[in-house]
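Breakdown of the fold
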Amino acid sequence: MEDKIIVYVAGNPNSYPMEYYDSQTKTYKGVIPQILKEFSDKSQYEVIYYEGGVIDKREHLAKNKQVDIVSGFSNSDEIYENTQKEEVFNAVINNNNVSYYICYTDTAPEGLKYELNKFLSSVTQEEISGLLISSAENIDYSASNNLTVYALSFIIIVLFCAVVLTAQRCKKKLKSARILIETDELTGLGNLEYLTNRFQHIVNNKTKVLYKVVFFYVDTDRLHRIGNSQEVDAFFKFCAQAVKKHVSDNDILARVSYSGFALLKYHNSNEDLNSWLNLIFNEIHSYRKVYQKNFDLSVSAGIYKIKAGDINIKEIVFNSLQCARMAQKNDEMYLICTDEILDSFAEKRQLQANIEQAFLRNEFQLYIQFYVEPDTYKIVGGEALSRWNHPQKGIIKPDVFVPLMEGERNISKLDYYSLNKTCMFLESLLENNVDTFFMSCNFSRDTFSADNFADECKKIIDRYSFPKELLIFEITESTYEKNIPQIQSNVLELKKYGVRIALDDFGEGFTSFYDLQKYKIDGIKLDKGLIDNMFSKSGGEILKAMIRVGHNLGMTILAEGVETVQQVEKLKIMECDVIQGFHFFVPMPDWKAKEQILKDFHTDN
Ligand code: C2E
Ligand code: CA
Ligand code: CA
């Protein structure tokens, strides 16, 4: 290591807490010695205090050129000859600017002044205030006996002012940091943190029952399908303003999550909730007209009236959000949270908490619902449908747990688990010489749109040996709209690998045959809605046309949700290839399905 250049300082023994001589430890202490020590640690200079003692020898040392730096001046002090003063510290005391200085003598090595000044200017006022406070904490009272009354009082003022200064700065800083933490960047409204803090300020145990939380929920999935992110952002800003217009000064509005706003609202005995919400919703929906956007907006509200026992505002907001989502699902403008609804949320949460364990305990089971051939009613294949065999609640259907898993983003685990069980089932049939029974599997859009989807599936399927064309992957229209290029590449890769692809719930949405052809879909499953409607004039014509076009494009046509013999007869005439529905079979456990298949296939062949 390079040798350090030694620099000597003549210190002020009586300038506590800036600089003072501690006779017990026989060293200089205070803010300036600490700063100089830090400078020594970080630079090529080693700063050493020359001779200590309670008597001030600075003038003598400076004149004798025994030191390079003379320290511990305030602006009222006289500066010695041949010294150059540099400000170290500055504070406003009783409206007067008080500065502390150090001076360089002409023996100071070249470069020292530049280096030390640079270092001093990098020391912030806050750091100095911090040092002042720590000096005060470390005060050695025996040493302070030497201080004059003037110095003492002055020091106390300096210390006090430094603390006030720091406190003010910190307060300002804290305030601006708090504003930042509590603000939603996009809309400028408060966020969940803000709502929580305001709730704690304005609501107490007695008044809380006078408030409710209204959650405005925007279906962002749907928005993202129709607009780019700038358009979505613009819509949220518009929404914020629309709601704000109808909020009173005493109410607290915040954007508490990406997809929604929560309003902490004081009950008004005269209020007509319905008309008030109508006003807000009309305002929000005017976005389309004002900005000439063809958005299919879906906004709903959930209302939670705060109860005496409620303590957690985040839980209240969560319940109001759940309620708003429920309203959206039921196609209602708003929903008021009742005890029954709350119980159902609690049950869902409990189920959600059980999911991980359910996988470990193999509680998910493969059920199979057969497909039949319309002319002969012979079983030709089956659809894999999951069931949760819950130890307390019994068999739970997928419409309960699939949305929970989708919300928690662990649906892919179930999908791969079901695919594995399906492959195992096909292999076990092959071992029993059944080699034509095909199986279809359902996948959520999160699973299907993942970039490793095809690879993960291949890894699973490769563990088994059965003809790959016996496996059909069902995708739904909503799968189809998200991350289109990735889905397209997954479909193509899986087709190249040898499995087939079918579009589930066809006719429910707006997928065109043109799209199906583009995606090289092998088959379509006509949605139950189309089947239910087949005896109306237009319903029958539409179905007939769909089957014809599908056939012309070389696709297999399956019909689902078939419940009556009349429907079967008509589908037969329309030349539908495969039928599935409660008229023939309900979903059954895999072991039972296997028994039935083995019986049927071995009797026929
Ligand atoms: P889906 O794929 O549209 O499956 C058809 C649903 O309709 C099944 O309900 C089936 O039991 C029911 N169904 C069949 N025939 C009839 C009928 O004639 N009448 C009536 N009313 N209903 C009929 P299920 O088993 O409750 O499944 C519901 C949905 O859950 C399925 O809809 C499927 O999308 C999803 N699902 C099931 N298992 C899984 C899975 O492992 N992963 C994923 N991602 N989704 C799954
Ligand atoms: Ca399906
Ligand atoms: Ca379906």
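As shown above, the structure is provided for reference.
Quantities reported herein were computed from a predicted structural model and do not represent experimental measurements.

Basis of the calculations
- Residues numbered from 1 in each chain as written.
- Chains lettered and ligands numbered in written order.
- Predicted model: local features only at pLDDT ≥ 70, side-chain atom pairs only at ≥ 80, totals over all residues.
- Heavy atoms only, no water.
- Donors = N, O, S within 2.8 Å, 3.2 Å for Na, K, Ca; no water.
- Helix = DSSP H or I, 4+ residues; strand = E, 2+ residues; numbered from the N terminus.
- Buried < 20%, exposed > 50% of the residue type's maximum accessible area, 1.4 Å probe, protein only.
- Near = heavy atom within 4 Å.
- Polar contact = N/O pair within 3.5 Å; in protein donor to acceptor, adjacent residues only side chain to side chain.
- Areas by Shrake-Rupley, 256 points an atom, 1.4 Å probe, with all protein chains shown as cover.
- Nonpolar A, V, L, I, M, F, W, Y, C, P; charged D, E, K, R; others polar.
- Axes fitted to C-alpha atoms, helices over the stretch in contact; angles between N-to-C directions.
- Parallel < 35°, antiparallel > 145°, perpendicular 65-115°, else oblique.
- Left-handed = near helix turned anticlockwise from the far one by under 90°.
- Contact = heavy atoms within 4.5 Å.
- Pairing = 2+ DSSP bridges.
- Patch = residues over 30% accessible without salt bridge, like charges linked within 9 Å, V, L, I, M, F, W, Y side chains within 5 Å.
- Salt bridge = Lys/Arg side-chain N within 4 Å of Asp/Glu carboxyl O.

**A few points about the coordination of the calcium ion (ligand 3)**
Each donor-metal-donor angle would ideally measure 109.5 degrees in four-coordinate tetrahedral geometry, or 90 or 180 degrees in six-coordinate octahedral geometry. Donor atoms from the polypeptide that bind the calcium ion (ligand 3) are Asp504 (OD), Asp505 (OD), Glu560 (OE) and Glu560 (OE), placed at 2.2 to 2.5 Å. Sequence positions of the donors to the calcium ion (ligand 3) reduce to the motif D-D-x54-E. Here the calcium ion (ligand 3) and the calcium ion (ligand 2) are spaced 3.9 Å apart, and both take Asp504 as a donor. Here Asp505, found in strand β19 (residues 500-506), pairs with Glu560, found in the loop between β21 (556-559) and α21 (565-573); they are 55 residues apart in sequence, far enough to count as distant. Assessed through its relative accessible area of 21%, Asp505 is described here as partly exposed.

**Quick look at the site of ligand 1**
Around ligand 1 there are 22 residues in total, and Ser386, Arg387, Asp415, Glu563 and Phe582 lie nearest to it. A distance of 2.6 Å separates a nitrogen atom of ligand 1 from a polar side-chain atom of Glu563. Calculation on ligand 1 without its partners gives an accessible area of 800 Å², and the protein chains cover 82% of this total. Sorting the residues of the shell around ligand 1 by element identifies β15 (379-390), α13 (411-431) and β19 as the ones contributing at least two each. Considering each element in turn, the shell around ligand 1 owes the most residues, four residues, to β15. Broken down by class, the residue content of the shell around ligand 1 amounts to seven nonpolar, seven polar and eight charged.

**What to know about the coordination of the calcium ion (ligand 2)**
Within the protein, the calcium ion (ligand 2) binds to Glu383 (OE), Asn442 (OD1), Glu474 (OE) and Asp504 (OD); these donor distances fall in the range 2.2 to 2.3 Å. One chain supplies every donor for the calcium ion (ligand 2), spaced along it as E-x58-N-x31-E-x29-D. Among the residues examined, Glu383 registers a relative accessible area of 5% and is labelled buried.

**Quick notes on the packing of helix α15 (residues 453-461) against helix α17 (residues 484-497)**
Orientation of α15 relative to α17, taken along the N-to-C sense of each, is 25°, at an axis distance of 9 Å. The orientation of α15 with respect to α17, classified from their angle, is roughly parallel. The element α15 and its partner α17 pack so that their crossing is right-handed. Of α17, the residues touching α15 (which contributes Phe453, Ala454, Asp455, Cys457, Lys458 and Ile461) are Asn490, Glu493, Leu494 and Tyr497. Its residues assigned to classes, the contact of α15 with α17 comprises six nonpolar, one polar and three charged.

**Points about the sheet that holds strand β9 (residues 211-218)**
Taken in spatial order, the five strands make up an open sheet running β10-β11-β9-β12-β13, and their pairing is mixed. One side of each edge strand has no neighbouring strand; the edge strands of this open sheet are β10 (252-257) and β13 (334-336). On average, each strand axis in the sheet is tilted by 20° relative to the strand beside it, whichever way the strands run. Sheet topology places strand β12 (residues 299-305) next to β13; three bridges connect them, and they run parallel. By the bridge assignment for β13, Ala301 is matched with Tyr334. Docked against the sheet, helix α6 (residues 192-202) engages β9, β10 and β11 (260-266), running at close to 140° with respect to β10.

**A word on a nonpolar patch on the surface**
The grouping of Ile6, Tyr8 and Ile48 at the surface amounts to a nonpolar patch, some 220 Å² of accessible area in total. Among the secondary structure elements, Tyr8 is positioned in strand β1 (residues 5-10). Judged by its relative accessible area of 32%, Tyr8 falls in the partly exposed class.

Purely spatial values, then, with no claim about function.
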